[in-house]
Structure formats: C-alpha cells, structure tokens
Amino acid sequence: MNRRDFIASAGVGLATILLGDYNFISIAAAQDQNGVCIYCNNCQPCPAGIDISAVNKCLDLANSSNESAKDYYFNLSKHASDCIGCGVCEQRCPVHVKVRKQMRQAIGLFGK
Ligand code: SF4
Ligand code: SF4
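Residues numbered from 1 in each chain as written. Chains lettered and ligands numbered in written order. Predicted model: local features only at pLDDT ≥ 70, side-chain atom pairs only at ≥ 80, totals over all residues. Heavy atoms only, no water.

## Describing the site of ligand 1
Here comes step 1: Close to ligand 1 lie 13 residues; C46, C83, C86, G87 and C89 are nearest.
Here comes step 2: Those elements that place two or more of their residues in the shell around ligand 1 are α6 (88-92) and α7 (99-110).
Here comes step 3: Its residues placed into classes, the shell around ligand 1 shows 10 nonpolar, 2 polar and 1 charged. (Near = heavy atom within 4 Å. Helix = DSSP H or I, 4+ residues; strand = E, 2+ residues; numbered from the N terminus. Nonpolar A, V, L, I, M, F, W, Y, C, P; charged D, E, K, R; others polar.)

Here it is in structure tokens:
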C-alpha cells in the first residue's frame, strides 16, 4: 500500500495530516519510500524559512485531488518561490527527497 492509499484508507482528516501528529504515517511508509517525503522534518532548518514538509504535504494532497490543498498552501508563511536552492535540505533528508525539484513542482502547481 502506498502512502496516499494509506492516508485514504485510514480516513485521516486534512487538518490532522497538515497540523497533527503524523508520525504513524512516517513509520508505516518509511519502509518502502525512497525519494518520497515522509514529513519527518529532518531537513530543517531551511535558511529561507520554508516548512518543507508542509509544502510536500500540500503537493501530495493536491496530487490526490484534494481541493483544500491550495488553501493550506497559501496560508503557509513561506512558499516554494522563497527557496534559494541551497540544497542543505537534501543533504539532511534520510530518504533522499529531491526537495528543490519538489519546490519547482509546487511553484508550477500553486503559482508561487
Ligand atoms: S534548497 Fe530551498 S527548501 Fe531546501 S533548505 Fe535550501 S532554501 Fe530551503
Ligand atoms: S524532505 Fe526529507 S527530511 Fe524533509 S520532511 Fe521530507 S522526508 Fe523528512
């Protein structure tokens, strides 16, 4: 079961995914996820102040056709367009997420 299916089958609310304790998702998913964000925040701190896991969550939700993803994204204090491309997040990521590529996707999807 991939992460999106896991979230859907668990019936986890959007607010819980974005704001709550989602470690259980990470634990369940980490075994077979490489290059896919598990929202662990190990990549922090971002020098541009971007909540990287939140951006990734919004991307995942948007790709799951969740209409609320855009609203949550625009409520973030920093957006993918604030990324300076330093790459330190990718050095810290335990599952080798291509964060800068994710940021470009977020800009393409959300417009900033
Ligand atoms: S590459 Fe972008 S998202 Fe990653 S730490 Fe640097 S500024 Fe933050
Ligand atoms: S990008 Fe990597 S380090 Fe950052 S939250 Fe996602 S999985 Fe964790």
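## As for the site of ligand 2
Here comes step 1: Taken together, 14 residues are adjacent to ligand 2, and C37, C40, N41, C43 and C93 come closest.
Here comes step 2: Class assignment of the residues belonging to the shell around ligand 2 gives a composition of 10 nonpolar, 4 polar and no charged.

## Things to note about the environment of L59
Here comes step 1: Checked against the element boundaries, L59 lands in helix α4 (residues 52-63).
Here comes step 2: On a C-alpha basis, the gap between L59 and F110 in space is 8.9 Å, while along the polypeptide they are 51 residues apart.
Here comes step 3: L59 has contacts with Q102, Q105, A106, L109 and F110, leaving out every residue within four places of it along the chain. (Contact = heavy atoms within 4.5 Å.)

## Considerations on the environment of A48
Here comes step 1: The residue A48 is located in the loop between α3 (23-30) and α4 in this model.
Here comes step 2: Along the chain, A48 and A80 lie 32 residues apart, while their C-alpha atoms are 9.5 Å from each other.
Here comes step 3: Setting aside residues up to four positions removed in sequence, A48 forms contacts with K78 and D82.

## Here's the deal with the confidence of the model for the protein
Here comes step 1: Taken over all residues, the pLDDT of the protein has a mean of 82, while the share at 70 or more is 71%.
Here comes step 2: Note that residues 5-19 has pLDDT below 50 and, in this model, 25 contacts with residues that lie over four places away or in other chains. (pLDDT = per-residue confidence, 0-100.)

## Examining the pattern of salt bridges
Here comes step 1: Following the criterion strictly, the structure yields 1 salt bridge and no others.
Here comes step 2: Among the salt bridges present, the one from R100 reaches E90, with a minimum N-O distance of 2.9 Å. With R100 in helix α7 and E90 in helix α6, this residue pair connects regions lying 10 residues apart in the sequence.
Here comes step 3: Under the relative-accessibility criterion, R100 is labelled partly exposed at 30%. (Salt bridge = Lys/Arg side-chain N within 4 Å of Asp/Glu carboxyl O. Buried < 20%, exposed > 50% of the residue type's maximum accessible area, 1.4 Å probe, protein only.)

## A short note on the packing of aromatic side chains
Given two aromatic rings, their pairing is described by the distance between the two centres and the angle made by the two planes.
Here comes step 1: Under the definition given, this model contains 2 aromatic pairs.
Here comes step 2: Their ring planes at 75° and their centres at 5.9 Å tell us that Y73 and F74 sit as a pair that is edge-to-face.
Here comes step 3: Overall, F74 belongs to the partly exposed group, its relative accessible area being 33%.
Here comes step 4: Each ring, one from Y73 and one from F110, has its centre 4.1 Å from the other, and the planes form 20°; the classification is stacked. Here the residue Y73 occupies a position in helix α5 (residues 69-74), and F110 occupies one in helix α7, the gap between them amounting to 37 residues. No difference in accessibility class separates Y73 from F110, as the two residues are buried.
Here comes step 5: A connected cluster of aromatic rings, assembled from ring pairs, spans Y73, F74 and F110. (Phe/Tyr/Trp six-rings, centres within 6.5 Å; stacked < 30°, edge-to-face > 60°.)

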